[in-house]
Amino acid sequence: LRLLFGSTTGSSEKWARHTEAELQKHLQLAGAQAEVHIENLETFDFDSILEKGVGQCADIVVVMLSTHSEGLPPPSCSHFCTLLDDHVHDFRVGKTALSHLNFAVLGFGSSDYEEAGHFCTAAMQVDAGFAALSARRLLPVGRVSDTRDADSQVTPWLERLSELVMRLSQGLEVEHDPTGNAEDLGLGDGDYSDGESASTSVGSDASQDRGADPADLEDLHEDGCATGGASKGKKEVREMVTKQHREQLTKEGYKIIGTHSAVKLCRWTKHQLRGRGGCYKHTFYGITSYECMEATPSLACANKCTFCWRHHKNPTGTEWKWKMDDPLEIVAEGVELHRKMIRECKGIPGVKPDRLEAAMTIKHCALSLVGEPIMYPRINELVDELHRRKISTFLVTNAQFPEAIENLRPITQLYVSVDAGTKESLKAVDRPIFTDFWDRYLSSLKALEQKQQRTVYRLTLVKDQNMSDIPGYAKLVALGKPDFIEIKSVTFCGESKASTLTMGNVPWHEEVKVFGEKMLSYENLDSEYELACEHQHSCIILLANKRFKIDGKWHTWIDYDKFHGLVEKGERAGLGFAAMDYSAPTPDWALYGSQEKGFDPQEKRVFHNRTKRRAKEGKLSEEQLRMYPSNPADS
């Protein structure tokens, strides 16, 4: 038995090794004469499966394959899939080339991509390819979705596979899947497509192949283990965060709230607690970073962006289909968990006691931690509760839920992520789940124009991916007419199996500035917008509508007390208010081109020891030295 895996983030490899161990255990207990070999498809010799085993042995190939973007196989094993496809279509290859093989395929992906036709597509194509060359299918192709616990999905499939392997090892006959004939699949004439392989969602326990009672299948469906027909009973609403999600996110420092929310302490909060500078929001909008809570009421997202700094450890979805927690409870628990994390900072060297005490009173909330906050159906109630507590709100949405933007109550500042200037680029960078993602994107931008409060376009620049079409970005400005346009460099969060980004994809601050300056030259934007602020430490600049420049003085900062007063007044009298009503003057050190480059002079810039050492040794290039407000060697 050859157990082959092709992995992107490690899921298929993990389960392949688990399967190897389970099969070895069962075979040893039964005293069966069998050999199990596990191999990575990246280095696997494709020609070896064309050779029949010696003697009377039953050759078995089990393929466990993850899904890359667009339903494609992982890049490391794409050659295997290509070779299989070539053999299916090559008239010189007999249609019975793999008739000596028994096979089974297990795919790993996300059911959220099923509507787009990308749910375990690569695995289904491999399954169809083997069948087209007359290999005998032991089980329908299994599909494991990362939206549910993998254990409950893989185990029934693996148990059935073990039973079949045991029978084959004892020389007994097994009943192969009836759809395993290439002609039945419509593949006999090379009509090879991802939609023509027989498949079942993992966890069906292969009951359909054993003549199971249909009622049993319905029961399985109720438990989330089968997806054959519609269930007659009421389906139980499941929780968003699976056990695996919870473990992964908790390991990375997230504090999970209830079943779908989370908070995490921002590194800028810790920086400013020590007097080492605030985040760009401190520079652009006047928040106090150590008084800010970073949170989300929805860990799920409708995109799987290539630059996601959470490496896709959160759930995905296009609609709310999970258990829903109370917004007041989410806020209350979030505040308590944040305060607990602040208290834990007491022992960090350099923390200022007065700032630590002040940080216990949360004044700002960045609803941008991970996922899509606006996806939470009760987002308005949650925002209202934050405002009742005198906590300002900065909400970021990924431009896939225009109706939710339209229905959103007034918040302090609303962001829309503008990650690309064209449909093709957006598809490649954001990897959206919605098939009508571009229409949703444009509608979201148009919905932004209707908002009276402060609005922002946020552009995240990824070198070699979304920086080439500056005119395209400029054209999109007319749709939403945002008050501000933030242009920032992508944050590199280290290597990950879920991302191919490297430091080479991270633009320098100077490159971000050049991008902003060029963008102003298109679509007559320079008549309405101007470069207002920069925060070199974060590689980000701010373009602001000129109406925020009053008597030659920029007013990008926010009067938070006035904002809360306007909210209360609006609720009592039903009156609206506009962005200019709570604007405040911007300090000179925050302005674009200032000597401080957006770093608050009341704070102390601290360089990493490695950076200081390299600077003193002359190992930093002139370009690198320009990225710092002063030479690290002099600090």
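The rules we used
- Residues numbered from 1 in each chain as written.
- Predicted model: local features only at pLDDT ≥ 70, side-chain atom pairs only at ≥ 80, totals over all residues.
- Heavy atoms only, no water.
- Buried < 20%, exposed > 50% of the residue type's maximum accessible area, 1.4 Å probe, protein only.
- Helix = DSSP H or I, 4+ residues; strand = E, 2+ residues; numbered from the N terminus.
- Pairing = 2+ DSSP bridges.
- Contact = heavy atoms within 4.5 Å.
- Axes fitted to C-alpha atoms, helices over the stretch in contact; angles between N-to-C directions.
- Parallel < 35°, antiparallel > 145°, perpendicular 65-115°, else oblique.

1. Here's the deal with the pairing of strand E3 (residues 59-66)
So, point 1. Counting buried positions over the eight residues of E3 gives eight, a clear majority of the element.
So, point 2. Side-chain alternation along E3 places Asp59, Val61, Val63 and Leu65 on one buried face and Ile60, Val62, Met64 and Ser66 on a second face that is also buried.
So, point 3. Direction of pairing for strand E1 (residues 2-6) relative to E3: parallel, over a ladder of five bridges. Counted as the bridge partner of glycine 6 is leucine 65 from E3.
So, point 4. When E3 meets strand E4 (residues 101-109), the two strands line up parallel, connected through eight bridges. The partner of valine 63 across the bridge, within E4, is valine 105.

2. A closer look at the environment of proline 377
So, point 1. Here proline 377 shows up in the loop between strand E11 (364-367) and helix H11 (379-388).
So, point 2. Judged by relative accessible area, which is 47%, proline 377 ranks as partly exposed.
So, point 3. C-alpha separation for the pair proline 377 and proline 297, spaced 80 residues apart in sequence, amounts to 9.7 Å.
So, point 4. Ignoring anything within four residues of it in the chain, the contact list for proline 377 reads Trp320 and Met324.

3. Here we look at the packing of helix H14 (residues 437-449) against helix H15 (residues 470-480)
So, point 1. Orientation of H14 relative to H15, taken along the N-to-C sense of each, is 50°, at an axis distance of 6 Å. As far as their axial angle goes, H15 and H14 are oblique. Residues Tyr441, Leu442, Leu445, Lys446, Leu448 and Glu449 of H14 touch H15, and the partners they reach there are Leu476, Leu479 and Gly480.

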